[in-house]
Amino acid sequence: MSMIQMLEKVTVSEIPAKGPIVTLSSEERTFDAYVKLCDANIRSAPVFDAPSQKFIGFLDVRDLIQIIVFEQKQAQVPKAAAFGTPDRVKYLTRLVKVGARMYDQPGDGVTLSYLARRNPFHSVGEAATLADVVKLLVESNCHRVPVVNAAGDVINVISQSSIIHYLHKHQADVGPIGSHTVEKMACGSSPVHTVKTTDSILSAFEIMAKHNIMGVAIVDESGHFVANTSASDFKEFIRNPSTSLSLTAIDFISQVRQHDLKAVHPAISVQPSDSFNHVVGKLAATRVHRLFVVDGGQLHSVISLTDVLKYALNAEK
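It should be emphasised that the depicted structure is a prediction, and the values quoted were computed from it without experimental measurement. (Residues numbered from 1 in each chain as written. Predicted model: local features only at pLDDT ≥ 70, side-chain atom pairs only at ≥ 80, totals over all residues. Heavy atoms only, no water.)

What follows covers the sheet that holds strand β3 (residues 54-60). With mixed pairing, the three strands of this open sheet are ordered in space as β1-β2-β3. At either end of the open sheet lies a strand with only one pairing partner, and these are β1 (24-25) and β3. Two strands pair when backbone bridges link them, and strand β2 (residues 44-49) and β3 are joined in this way by six bridges, in the antiparallel orientation. Looking at the pairing, Asp49 lines up with Lys54 of β3. In this fold helix α2 (residues 30-40) packs onto β1, β2 and β3, with an angle of close to 70° to the strand it touches most, β3. (Pairing = 2+ DSSP bridges. Helix = DSSP H or I, 4+ residues; strand = E, 2+ residues; numbered from the N terminus. Contact = heavy atoms within 4.5 Å. Axes fitted to C-alpha atoms, helices over the stretch in contact; angles between N-to-C directions.)

Structure follows, in structure tokens:
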């Protein structure tokens, strides 16, 4: 039995929701919606449009990265005022106002509806299978798929990580693909976007905003892989925006993660000889969204959750 055949036998109703489902209304103030995301410790949530009476997309914390980069490039506030404020609501309120200027929107702030439509809402019904979800994730290039019941309510959100954890739990059933090596898979992106340990974290955010990616590798002066920074670090910063964005990349993630980073590199890297099952297992264990392929101490490429699911889908066609 192939991996896709295995997933075709599992309906989305068999995957439990991870706690209460957070949804937002287009009538909410944008900064209030971001506060909800922070309080729930989640990166995104579906937005229900009151006028059309349907879900229109997702509000995602990542959208704030582009606004912060825009704010600094436009020098719209003094540097000292832009960094390091313990008041999350005031910080988010200011970013929402900056967003209106960035997206050339009328009014005092960028609207929740506008931001939500940037992250489309692709859903499945309760009878859909995990194979249907994987196909939708890959073909629509989205990161999460809402499950909607007959009444039109979102009852679950199945993310790429949810699929990865399921594959790890049932790795004995994934078929021949499980033994495929990283080298054979030949998926992922290269060259890898990097910043040095001495570069500011803002330079990493600029790369993420420019290339619309969610993670950047951090390397030392010799180009050796040290750690990475991602949208998860940014989410933690938004939850507590007292950390200065003028810090170096390595100091910033050390503060927002609040632990020593020395052991991070082995945990989020793989080698060309590692198997598909090893990659899936490491993604599941670390709960990261990408792994860096290191060969001879040097960065070779980066494999994202999207890359893994796309390979799994196309390798069996």
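Within α2, the full set of buried residues consists of Thr30, Phe31, Ala33, Tyr34, Val35, Leu37 and Cys38. One or two steps after α2, the chain reaches Asn41, where phi turns positive at roughly 55°. (Buried < 20%, exposed > 50% of the residue type's maximum accessible area, 1.4 Å probe, protein only.)

To continue, consider the pairing of strand β12 (residues 298-304). Here strand β11 (residues 290-295) runs beside β12; their pairing, made up of six bridges, is antiparallel. Bridging from a neighbouring strand, Val294 pairs with Leu299 of β12.

Moving on, we get to the nonpolar core. Ranked by size, the top nonpolar core spans 53 residues in total, and within it Met3, Leu7, Leu130, Ile163, Leu167 and Phe276 carry the most contacts. Of all the elements, helix α7 (residues 130-139) adds the most residues to this core, at seven residues. The residues touching Leu130, leaving out its near neighbours within four places in the chain, are Leu7, Val10, Val12, Ile15, Ile158, Ile163 and Tyr166. (Core = buried A, V, L, I, M, F, W, Y, C linked by side-chain atoms within 4.5 Å.)

So, about the environment of Glu236. By secondary structure assignment, the location of Glu236 is in helix α11 (residues 231-239). Here Glu236 falls in the partly exposed class, since its relative accessible area comes to 26%. In sequence terms Glu236 and Val219 are 17 residues apart; their C-alpha atoms lie 22 Å from each other. Those residues in contact with Glu236, other than ones at most four positions away along the chain, are Asn41 and Val256.

Attention now moves to the environment of Ala40. As for its position among the elements, Ala40 is in helix α2. In sequence terms Ala40 and Gly19 are 21 residues apart; their C-alpha atoms lie 10.0 Å from each other.

Another point: the sheet that holds strand β5 (residues 144-148). A sheet is described by the order of its strands in space; here three strands give the open sequence β4-β5-β6, paired in mixed fashion. In this open sheet, the two strands that pair with only one neighbour each are β4 (124-125) and β6 (154-159). Taken together, the two bridges between β4 and β5 define a ladder with parallel strand orientation. Bridge pairing in β5 links Gly125 to Val148. Across the sheet, α7 is in contact with β4, β5 and β6; its angle to β5 comes to roughly 135°.

Here the focus is the packing of α7 against helix α8 (residues 160-169). The interhelical angle for the contact between α7 and α8, taken along N-to-C directions, is 135°, at an axis separation of 11 Å. Classified by the angle their axes make, α7 and α8 are oblique. For the element pair α7 and α8, the recorded crossing hand is left-handed. Contact with α7, carried on its side by Leu130, Val133, Val134 and Leu137, involves Gln160, Ile163 and Tyr166 of α8 and no other residues of that element. Counted by class, the contact of α7 with α8 contains six nonpolar, one polar and no charged residues. (Parallel < 35°, antiparallel > 145°, perpendicular 65-115°, else oblique. Left-handed = near helix turned anticlockwise from the far one by under 90°. Nonpolar A, V, L, I, M, F, W, Y, C, P; charged D, E, K, R; others polar.)

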